[in-house]
Amino acid sequence: MELTDIIEGNTRLLVPVGEKLSKKNPVFFNPGMELSRDISVAAARISGVNRFCDLLAGSGARGVRISNEVNCDVVVNDINKRAYDLINRNIELNNLNAKATNLEANILLSNERFDFTDIDPFGSPTRFLESAIRATNNGGILGITATDTAALCGTYPKACRRKYDAVPLRTDYYNELGLRILIGFTARLAARYDISTIPIFSHCTRHYFRTYLRVSLSGKKSKDSLKNINFLQHCFNCLNRRIASIDEIREKCECGGRFRNSGLLWTGNFADSEFCRLLEGELSAGKFNKKKEAIKLTGMIANEQAISNPYYNIHKLFRKIKRPARPMEDIIDRLNSEGFKAERTHFSGTGLRTDASVSEIYNILEN
Ligand SMILES: C[S@@+](CC[C@H](N)C(=O)[O-])C[C@H]1O[C@@H](n2cnc3c(N)ncnc32)[C@H](O)[C@@H]1O
């Protein structure tokens, strides 16, 4: 296997040269996930984590970085022997006392407890979720990556039903629905064990979703968290959308169009604004190659939390009313001056998040 020497954060890493897995290149490393690893390091630092688990570590980049850049115990695991060997080399290279293991992930989790359990799989994280929920200490963090965005976002609705027990919907804000399905599914799994998993930070970046969930061993909190599990109703005729519990589901939209439904999904905040501010501070103070991008992301995500309605695609709104598009800032200013909240969203450059109803938005865009 041909290796190259790189530096992420404060850590030296030996990683495979090619990104494609093959016989010659049997260990996984994706340089495109550096932003996600930078944010994980910052999240672990501000959370006072004592014991971190990189469950599906590949070359060990995330776990080795946490061991080096956060003052805590780390277990770095991969089922692949060649990955395990490389993890050990990376631990030695940085002079760390992190522990490498070569176990099946669920077996490792059945015997250990962590303050931060990180799942970064190929595709869907679902096969590891139950064990990871149960292996995370009270008050700890569960970090989840999902790259099966085609299932979560509605390209393969059957795969979403099978893996996440939820119906996706190919709306213009499908990526937001996908993230909310992932968070909602995890919360429902956790609730079976009287555990709550509340998102403190989540993002959708390029081909993946990433969420950080605060784990609490509390029957009351898990019961309360289920208030955030609902359906989303969308009207393809006028682009109206509404959040509804099972008792509130309506067949028809005010415009006469038929509602299509998605869910169950998480309809609460997908990040905690205070945690975002702490992250921003930590990212600004530390050495991170993706600092600029990460700070912009955390700032945007903090602002978005003021509005729980899914975002609108402004081009679609203008197309509906057959008017030429106007700049986003003008629309946000107009909505604000009419007393509505309005923000950009990290999900899309043409995304507008607002608490105005769809008819109120059309009114403003037309005048
Ligand atoms: C997407 S890669 C991890 C990438 C890594 N976290 C990074 O930041 O570069 C997923 C890894 O999970 C490992 N894996 C897959 N199934 C596993 C299982 N059941 N138990 C443990 N490791 C597993 C694979 O060998 C692979 O290295």
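Scroll up to find the structure this text is about.
So, here's what we can say about the structure. Computed from a predicted structure; not experimentally measured. (Residues numbered from 1 in each chain as written. Predicted model: local features only at pLDDT ≥ 70, side-chain atom pairs only at ≥ 80, totals over all residues. Heavy atoms only, no water.)

### Here's the deal with the overall build of the protein chain
Then, in step 1: When helices and strands are tallied, the protein chain shows 14 helices and 15 strands.
Then, in step 2: Against the compact-globule benchmark of 21 Å for 367 residues, the protein chain has a radius of gyration of 21 Å, which places it among compact chains.
Then, in step 3: With the C-alpha coordinates aligned to their principal axes, the bounding extent of the protein chain is approximately 65 × 40 × 40 Å.
Then, in step 4: In the protein chain, which comprises 367 residues, the share counted as buried stands at 56%.
Then, in step 5: When contacts within the protein chain are restricted to residue pairs at least 6 apart in sequence, those whose partners lie at least 24 apart make up 63%.
Then, in step 6: Only carbon and sulfur atoms are counted for the fraction: they give 47% of the accessible area of the protein chain, which is about 15,800 Å².
Then, in step 7: Put simply, the protein chain has 53 plus and 42 minus side-chain charges, and the middle of one group is 5 Å from the middle of the other. (Helix = DSSP H or I, 4+ residues; strand = E, 2+ residues; numbered from the N terminus. Rg over C-alpha atoms; globule rule 2.2 N^0.38 Å. Buried < 20%, exposed > 50% of the residue type's maximum accessible area, 1.4 Å probe, protein only. Contact = heavy atoms within 4.5 Å. Areas by Shrake-Rupley, 256 points an atom, 1.4 Å probe, with all protein chains shown as cover. Lys, Arg positive; Asp, Glu negative; His and termini not counted. Charge placed at Lys NZ, Arg CZ, Asp CG, Glu CD.)

### So, the site of the ligand
Then, in step 1: Taken together, 16 residues lie around the ligand, and R37, D78, E104, A105 and D120 are the ones closest in.
Then, in step 2: At a separation of 2.7 Å, a nitrogen atom of the ligand approaches a polar side-chain atom of E104.
Then, in step 3: Looking at side-chain class alone, the shell around the ligand contains 9 nonpolar, 3 polar and 4 charged residues. (Near = heavy atom within 4 Å. Polar contact = N/O pair within 3.5 Å; in protein donor to acceptor, adjacent residues only side chain to side chain. Nonpolar A, V, L, I, M, F, W, Y, C, P; charged D, E, K, R; others polar.)

### Details of the pattern of salt bridges
Then, in step 1: As enumerated under the stated definition, the model contains 24 salt bridges in all.
Then, in step 2: K99 serves as the salt-bridge partner of E112, at 3.8 Å between the closest nitrogen and oxygen. One end of the pair, E112, is in the loop between α4 (105-111) and β6 (114-119); the other, K99, is in strand β5 (residues 99-101), and 13 residues separate them in sequence.
Then, in step 3: For E112, a relative accessible area of 16% corresponds to the buried category. (Salt bridge = Lys/Arg side-chain N within 4 Å of Asp/Glu carboxyl O.)

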